Amino acid sequence: MSHITDQHNRIIDYMRISITDRCNLRCIYCMPSDGVKTIKHAEILSYEEIIRIVRIAADLGVRKIRITGGEPLMRKNLLYLISSLSEISGIEDLSLTTNGHLLKQYARQLALAGLKRVNISLDSLDPQRYKEITRGGDINLVLSGIQEAQNWGLLPIKINMVPVRGFNDAEIENFARLSIITPYHIRFIEFMPIGAKEFWNNDRYIPTDEIKHRVSSIAPLMPISFKKSGPANYFSFENAKGAIGFISPVSDHFCISCNRLRLTAEGKIRPCLFSETEIDIKSAMRSGATDGEIRRLLILSAEIKPSGHNMNEDKISKHLRPISQIGG
Ligand code: SAM
Ligand code: SF4
């Protein structure tokens, strides 16, 4: 079986694909209130282009695909993409990250189309605060979407929470307690200096150590491991139904085990979220590149994957494109 290995002996078997830069929310840490300049429709990869890239990537050993954005459920005809990707030989894991607003409507069809799992972003359990953080979001839609995803077996349900000091950090403990009574994986993700850059400041950033300290004040945390846990370190409380994960892109880079490439909404392969280097696979395809040439571009993308990034809370990348375009 073929696989791509990069210069640092990491096997690249995961591709994260942003299928749209559009979003129905404007989360304060991700987008400015007036949104970001959107990419022209003609510049966004078509489904056929995405399917072709994934087919070639699967042949090279990519096994895991995550669909993201922007808000992926906003893109028309998504079920066609999901069912086409799920049929590609070699793709073992097909998941999607969403803000959950359209999940109630789509969970059943997504599951039937072959989606395996969903990650849902939820930064507050308080309706008013949720509305403020997302600039207009409705938590009831998210909660009913989560329930529907659970009903249709899109498991395990992973809830992503980004604690931001002064905004939602008072809820860290409540989120952690959710893992006791529900089977959800509650994942705390460090606030990163990307996205809405004007919103970032060091004081708002909360390192995992601090989040973990607060969580473990509820009850002792026991380490657990899942077969494919990605960058998260998982724990659980005794007798809890669910789990708690910590993802620390800022305080504890997980570059050494990074196994992913990103495909941006406008068709560039980005080997590292925090590096500006991209390979323009769309232009190659639109100028008639053969499958063999696309294959070589994918291999090249892995070859130039940096060994790691040096981002920390003091080093804000000033030139990064919005995360909604790259795919969070
Ligand atoms: N719209 C979908 C959603 O919100 O789940 C998918 C795209 S969103 C860009 C993907 C993830 O990126 C979300 O979980 C969001 O919380 C996270 N994210 C966005 N900006 C971030 C930042 N500055 N720091 C940490 N996480 C961020
Ligand atoms: Fe939209 Fe997701 Fe960014 Fe929020 S985090 S603005 S839901 S893309």
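Quick note: structure is the one above.
Overview of the structure.

Thoughts on the overall build of the protein chain
When its secondary structure is counted, the protein chain shows 10 helices and 14 strands. Its C-alpha atoms give the protein chain a radius of gyration of 19 Å, near enough to 20 Å, the size a compact globule of 328 residues would have. Once the C-alpha set of the protein chain is aligned to its principal axes, its extents read approximately 55 × 45 × 40 Å. Looking at the protein chain residue by residue over its 328 residues, the buried ones come to 55%. Once local pairs closer than 6 in sequence are excluded, the contacts in the protein chain between residues at least 24 apart make up 74%. Carbon and sulfur atoms form 51% of the exposed surface of the protein chain, whose accessible area is close to 14200 Å². Between the averaged position of the 43 positive side-chain charges in the protein chain and that of its 36 negative side-chain charges there is a distance of 3 Å.

Points about the site of ligand 1
Taken together, the neighbourhood of ligand 1 is formed by 18 residues, with Tyr29, Gly70, Ser121, Met192 and Ile194 sitting nearest. With respect to ligand 1, the side chain of tyrosine 29 contributes an N or O atom lying 2.7 Å from an oxygen atom. For ligand 1, a nitrogen atom lies 2.9 Å from a polar atom in the backbone of methionine 192. Here ligand 1 has 540 Å² of accessible area as a free molecule, and 94% of this is covered by the chains. A breakdown of the residues in the shell around ligand 1 according to their chemical character gives seven nonpolar, nine polar and two charged.

Looking at the side chain of serine 124
Relative to the helices and strands, serine 124 resides in the loop between strand E6 (117-121) and helix H4 (127-134). A distance of 3.0 Å separates the side chain of serine 124 from the backbone nitrogen of aspartate 126, its partner in a polar contact. Apart from the residues within four sequence positions on either side, serine 124 is in contact with Arg129, Tyr130, Ile133, Ile139, Glu171 and Phe175.

Some remarks on the site of ligand 2
Near ligand 2, the surroundings consist of Cys23, Leu25, Arg26, Cys27, Cys30, Gly70 and Asn99. Residues belonging to the shell around ligand 2 are distributed by class as follows: four nonpolar, two polar and one charged.

Parameters and conventions
Residues numbered from 1 in each chain as written. Chains lettered and ligands numbered in written order. Predicted model: local features only at pLDDT ≥ 70, side-chain atom pairs only at ≥ 80, totals over all residues. Heavy atoms only, no water. Helix = DSSP H or I, 4+ residues; strand = E, 2+ residues; numbered from the N terminus. Rg over C-alpha atoms; globule rule 2.2 N^0.38 Å. Buried < 20%, exposed > 50% of the residue type's maximum accessible area, 1.4 Å probe, protein only. Contact = heavy atoms within 4.5 Å. Areas by Shrake-Rupley, 256 points an atom, 1.4 Å probe, with all protein chains shown as cover. Lys, Arg positive; Asp, Glu negative; His and termini not counted. Charge placed at Lys NZ, Arg CZ, Asp CG, Glu CD. Near = heavy atom within 4 Å. Polar contact = N/O pair within 3.5 Å; in protein donor to acceptor, adjacent residues only side chain to side chain. Nonpolar A, V, L, I, M, F, W, Y, C, P; charged D, E, K, R; others polar.

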